[in-house]
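# Summary of the model geometry
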Amino acid sequence: MPIITLPDGNNLKFQNNVTGIEVAEKISKSLAKQALVIAVDGELKDLNFIINKDCTVKIFTSKNEEGLETIRHDTAHILAMAVQELFQETQVTIGPVIENGFYYDFARKEPFTEDDLKKIEEKMKEIVDRDVITKREVWSRDKAIKHFKKKGEVYKAQLIESIPDREEVSIYFHGEWHDLCRGPHLSSTGKIGKFFKLTKVAGAYWRGDSDNEMLQRIYGTSWASQKDLDDYLKRIEEAEKRDHRKLGKEMDLFHFREESPGSVFWHEKGWALFQKLIDYMRMKQDIAGYKEINTPEVLDRTLWEKSGHWEKFGANMYTSTTPDEKVFAIKPMNCPGCIEVFNQGLKSYKDLPLKMSEFGKVHRYEPSGALHGLLRVRAFTQDDAHIFCTEDQITKECLIVTNLILEIYKDLGFEDVILKYSDRPNLRVGDDNVWDKAETALLEAVKATKLEYSINKGEGAFYGPKIEFVLRDAIGRDWQCGTLQVDFNLPSRLSASYVDKDGSKKVPVMLHRALFGSLERFIGILIENYAGKFPFWISPLQIVVIPITEEFDDYAIQVSKKIKKAGMSSHVDLKKHNLNNKIKEHSLAKIPLLLICGKKEVDSNSVTIRKLDSNKQENMDLDLFLKTFSALNKASSN
RNA sequence: GCCCUUGUAGCUCAGCUGGUAGAGCAAUUGAUUUGUAAUCAAUAGGUCCGCGGUUCGAAUCCGUGCGGGGGCACCA
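Within each chain, residue numbers correspond to sequence positions counted from 1 in written order. In the order they appear in the text, chains get letters beginning with A and ligands get numbers beginning with 1. Selection of residues for local features in this predicted model requires a pLDDT of at least 70, selection of side-chain atom pairs for listing and counting requires 80 or more, and totals for whole chains, interfaces and linings are taken over all residues. Only hydrogens and water are set aside when side-chain values are computed; all heavy atoms of the structure are taken into account.

## Observations concerning the overall build of chain A
Segments assigned H or I by DSSP are reported as helices when at least four residues long, segments assigned E as strands when at least two residues long, and all are numbered from the N terminus. Each helix and strand counted, chain A has 20 helices and 35 strands in total. In terms of overall dimensions, chain A has C-alpha extents of about 85 × 75 × 55 Å along its principal axes. Shrake-Rupley sampling with a 1.4 Å probe provides the accessible areas, and residues are treated as covered by the protein chains on show and by no other component. When the accessible surface of chain A is split by element, carbon and sulfur atoms take 49% of a total near 31200 Å².

In structure tokens form, the structure reads like this:
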């Protein structure tokens, strides 16, 4: 006689055992119709799960995250079912739900083609139409392993072998077709609906390990309604329009070429943007008490051996052998060079914390498959800095860095920031007790920020634990930018020291930090965040002056000169095209302000302003224009 | 690095089953002197990514290298 407590606190009493669907029916007919899955005492179960004791029950429909995830999970299953109906020799492996959809990994010799995806999709819809009832059975491990081995499903057999003893091995049936699965599932294939789409095929390693064989992964998306599916596809399309590689080309910011994969050829406008960010950061860091330095790009191998880079980071390093057979490395990080600067002259505890910044260009030989526009390159400029301090100063300094970073992200249009904390990796230098200290100090700082954070086990740098600053852009995507690392190892390896109060020599702690992270990556993110339409102050070319006819060229040239004198960037378009043509061209180039100059303007010493994405025109006295817009030409006017 | 996919004019792309390349925009020249998203016309532009092979003949088919894209693995 189970008593069932509902989310609203009401109780339902039943004479006998009941299933989830019967509970839903008791509440309302329409709920029973819409119900997809239930939670019994917080655990998700099938609708026909038999309830035989007192418990709390929650019923989910496609309007809940739980319901939607179950739809996606079921769509993944139907995908596997469809694939095996069409391509009998294919083995199934795993098929989880991911953000916005699902994937399923298959083992098959022949690659799946785009055409195959269409066929599979059709087959999936057919299976939905068949409305096959779902059945769940619990098998013994041995039976399940034997069964799947006999079927030739070696991956499934492996999966069952790795299920912990205490867990049930449940098998879900859709008619004849069946699969090992934890569940829950919808009660029949018809419940899924047809609001799904297979999106792409890709390779993926079995169990995510690059030593294992590669499987074929089919990605798909699945929703509660046609509208949701269409909205999602639309969102993807919109995101593609923001692609920084596309916009970079269209806006003439940069390009890449074969001779140097993963290295940027910056064009005039892209470089202007780059320099603006550096100028801005330089200003912020100066205020925050950093001293800017610069260190060599190429350093002798012995330094990298001492620092540990040669051994732990060597696979990513470019090296160079000189004609006299000496081996140098092109720096993949700025830290050893910075320590060398610290080591010049005697340092006192009174000098600490000592903050040294460097816009250092580093080279890392990244795997070819990792390269991705500006977001993943082989040569990049870090807005790097190293803070030498005492152990006592760590937490406070970390907090100061965090505040600076949040301030800067805000200026650049990012308000939503989360932290990722990573502790000691397998490949590392230094004793565990040193790591204990570093991790504790950094974690303390993370907590003190009161920001949301996640913990990434084993993903720290080889010399210390780190936090990464992840920001969310205008369309909800997360990007990893800044980083802050606590390092008890490199300073001692490279013999850094300071004289303490009592006259003894001590080894300082070093904090590594980069706020943009990589200027290249950050610019890529900025482009996508703003869809190329930068705020006025950061825009690489802020103003284009357009004379209506040749007659007004001289005036336009004078206007442009005055704009430059007022500290803004400007270009005069003297081409013999008509006004409409020029407006079209510069609007596509996303120039924030177009100034039109004709007779009216010359006569009144004014300009007519046309702002990007607005066809309103505003006439303004030239001096007033210069005053107004130079005031807007700084970060705080965002 | 691995799997799949892709590489044609400055850009975006067309070129069916093999018969030595085409459009739009951009560029150049000429005409037009224009008031808010493409004025008209003419001209010029290409070792069809590189190398090898099959073939009487390769942009097209095959192999291989390099680059790009989507993922995986790796990562700022």
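Next comes the rest of the account.
## Observations concerning the pattern of salt bridges
Salt-bridge detection follows one rule: a side-chain nitrogen of Lys or Arg within 4 Å of a carboxyl oxygen of Asp or Glu. Within the structure shown, the criterion is met by 43 salt bridges. The residue Glu-259 makes a salt bridge to Arg-257 at a minimum N-O spacing of 3.2 Å. Exposure is judged per residue with a 1.4 Å probe applied to protein chains only, and the accessible area is read against the type maximum: over 50% gives exposed, under 20% gives buried, and values in between give partly exposed. Residue classification places Glu-259 among the exposed residues on the basis of a relative accessible area of 62%. Look at Arg-257 and you get partly exposed, because its relative accessible area is 38%. Between Asp-473 and Arg-477 there is a salt bridge; the shortest N-O distance is 2.9 Å. Connected through shared salt-bridge partners, Arg-424, Arg-428, Asp-432, Asp-436 and Glu-439 make up one network.

## Quick word on the side chain of Lys-284
With respect to the helices, strands and loops of the structure, Lys-284 is situated in helix H9 (residues 268-287). Lys-284 gets classed as buried once you look at its relative accessible area, which sits at 12%. A polar contact of 2.7 Å, which involves the side chain of Lys-284, links it to the side chain of Glu-407. Ignoring anything within four residues of it in the chain, the contact list for Lys-284 reads Glu-407, Ile-408 and Asp-411. Under this definition, polar contacts are N or O atom pairs within 3.5 Å; protein pairs additionally need one hydrogen-donor-capable and one acceptor-capable atom, and for neighbouring residues in sequence, both atoms have to be side-chain atoms. In what follows, a contact means two residues having at least one pair of non-hydrogen atoms within 4.5 Å.

## Digging into the protein's contact with RNA strand B
With respect to spatial proximity, 52 residues lie near RNA strand B, and among them Tyr-205, Arg-376, Val-377, Glu-601 and Arg-610 are the closest. We call a residue near a given molecule or strand whenever any one of its heavy atoms falls within 4 Å of it. Among the atoms of RNA strand B lying within 4 Å of the protein, the sugar-phosphate backbone contributes 52%. Within the side chain of Gln-617, a nitrogen or oxygen atom sits 3.5 Å from a base oxygen of RNA strand B. Listing elements by their share of the surface near RNA strand B, those giving two or more residues are strand E14 (196-205), strand E15 (214-222), helix H8 (244-250), strand E26 (466-472), strand E27 (478-487), helix H18 (579-588), helix H19 (599-604) and strand E34 (606-611). A per-element tally of the surface near RNA strand B places H18 first, with seven residues. Ten residue types, Ala, Val, Leu, Ile, Met, Phe, Trp, Tyr, Cys and Pro, are classed as nonpolar, four, Asp, Glu, Lys and Arg, as charged, and the remainder, Gly among them, as polar. Among the residues forming the surface near RNA strand B, the class breakdown is 17 nonpolar, 16 polar and 19 charged.

## What to know about H9
Expected helix span is taken as 1.5 Å per residue step, with the number of steps being one fewer than the number of residues. Taking 1.5 Å per residue, 20 residues should reach 28 Å; H9 reaches 29 Å between its end C-alpha atoms and fits that length. For H9, the complete set of buried residues consists of Lys-269, Gly-270, Leu-273, Phe-274, Leu-277, Ile-278, Tyr-280, Met-281, Lys-284 and Gln-285. Next to the buried residues of H9 lie strand E17 (265-266), strand E22 (354-363), strand E23 (379-389), helix H13 (394-411), strand E30 (509-518) and helix H16 (519-530). After H9 finishes, the residue Gly-289 shows a positive phi value of roughly 90°.

## Some remarks on the packing of H9 against H13
Running from N to C, H9 and H13 point in directions that differ by 145°, and their axes come no closer than 12 Å. Read as a crossing pair, H9 and H13 show a hand that is right-handed. Seen from H9, the contacting residues are Tyr-280, Met-281 and Lys-284; seen from H13, they are Glu-407, Ile-408 and Asp-411. Taken together, the residues of the contact of H9 with H13 sort by class into three nonpolar, no polar and three charged. All axes here are fitted lines through C-alpha atoms, helices being fitted over the stretch that makes contact, and every angle between N-to-C directions spans 0 to 180 degrees. Left-handed describes a crossing whose near helix is turned anticlockwise from the far helix by less than a right angle; the clockwise case is right-handed.

## Details of the sheet that holds strand E2 (residues 11-13)
For two strands to pair, DSSP has to find at least two bridges joining them. One open sheet holds the five strands; their spatial order is E2-E1-E7-E4-E5, and the pairing between them is mixed. Edge strands, defined here as strands with exactly one partner in the open sheet, are E2 and strand E5 (43-45). Across the sheet, the mean angle from the axis of one strand to that of its neighbour is 35°, orientation sign disregarded. Its contacts with the sheet place helix H1 (residues 20-27) against strand E1 (3-5), E2, strand E4 (37-40) and strand E7 (55-60), and it is angled at close to 75° to E7. Packing of helix H3 (residues 65-86) onto the sheet brings it into contact with E4, E5 and E7, and relative to E4 it is tilted by some 120°.

## A closer look at the pairing of strand E13 (residues 177-180)
Along E13, one buried face is formed by Trp-177 and Asp-179 and the opposite face, lined by His-178 and Leu-180, is buried too. Relative to E13, strand E12 (residues 169-174) runs antiparallel, the two being bridged by four bridges. Residue His-174 lies in a different strand from E13, and its bridge partner there is Trp-177. Hairpin connection between E12 and E13: a loop of two residues separates the two successive antiparallel strands, and Gly-175 in this loop has a positive phi of roughly 70°.

## Remarks on unusual backbone geometry
Following Gly-183, the chain continues to Pro-184 via a peptide bond in cis, the omega torsion being -5°. The residue Asp-41 is not glycine, and still its phi comes out positive at about 50°. Tracing the sequence through the fold places Asp-41 in the loop between E4 and E5. Residue class for Asp-41 comes out partly exposed when judged on its relative accessible area of 44%.

## Some words on the packing of helix H17 (residues 553-565) against helix H20 (residues 622-631)
Between H17 and H20, whose axes approach to 11 Å, the crossing angle comes to 30°. Regarding the angle of H17 to H20, the classification is roughly parallel. Taken as a pair, H17 and H20 cross one another with a handedness that is right-handed. From H17, Tyr-555, Val-559, Lys-562 and Ile-563 reach across to H20, where they touch Leu-622, Phe-625 and Leu-626. For the contact of H17 with H20, the class distribution of residues is six nonpolar, no polar and one charged. Oblique is the label for any angle not covered by the other classes, which are roughly parallel (under 35 degrees), roughly antiparallel (over 145) and roughly perpendicular (65 to 115).

## Focus: the sheet that holds E26
Spatially, eight strands are ordered E18-E22-E23-E30-E27-E26-E24-E25 in an open sheet, and the strand pairing comes out mixed. The open sheet terminates on both sides in strands that have one partner only, identified here as strand E18 (291-292) and strand E25 (453-456). With ten bridges connecting them, E22 and E23 associate as antiparallel partners. Paired with Lys-361 across the two strands is Thr-381, which belongs to E23. Where H16 meets the sheet, its contacts fall on E23, E26, E27 and E30, and the angle it forms with E30 comes to roughly 40°.

## Looking at the packing of aromatic side chains
Side-chain rings of Phe, Tyr and Trp (the six-membered ring for Trp) are treated as a pair once their centres are within 6.5 Å; stacked means planes under 30 degrees apart, edge-to-face means over 60, and tilted covers the remaining angles. What the rule picks out here adds up to 21 aromatic pairs. Plain terms: the ring middles of Tyr-318 and Tyr-365 are 5.6 Å apart, the flat faces sit at 85° to each other, and that makes the pair edge-to-face. Placement of the pair is Tyr-318 in the loop between helix H11 (309-312) and strand E20 (319-321) and Tyr-365 in the loop between E22 and E23, with a sequence separation of 47 residues. In this structure Tyr-318 comes out as partly exposed when scored by relative accessible area, which is 25%. Residue Tyr-365 is classed as partly exposed on the basis of its relative accessible area of 41%. By way of ring pairs, the aromatic residues Phe-254, Phe-256, Trp-266, Trp-271 and Phe-274 are connected into one cluster. Two conditions define a charge located above a ring, namely a distance within 6 Å from the ring centre to NZ of Lys or CZ of Arg, and an angle within 35 degrees of the ring normal. Here Lys-200 stacks its cationic end above the ring of Tyr-219, 5.3 Å away from the centre of that ring. Over the ring of Tyr-290 we find Lys-355; its NZ or CZ atom is 5.6 Å from the centre of that ring.

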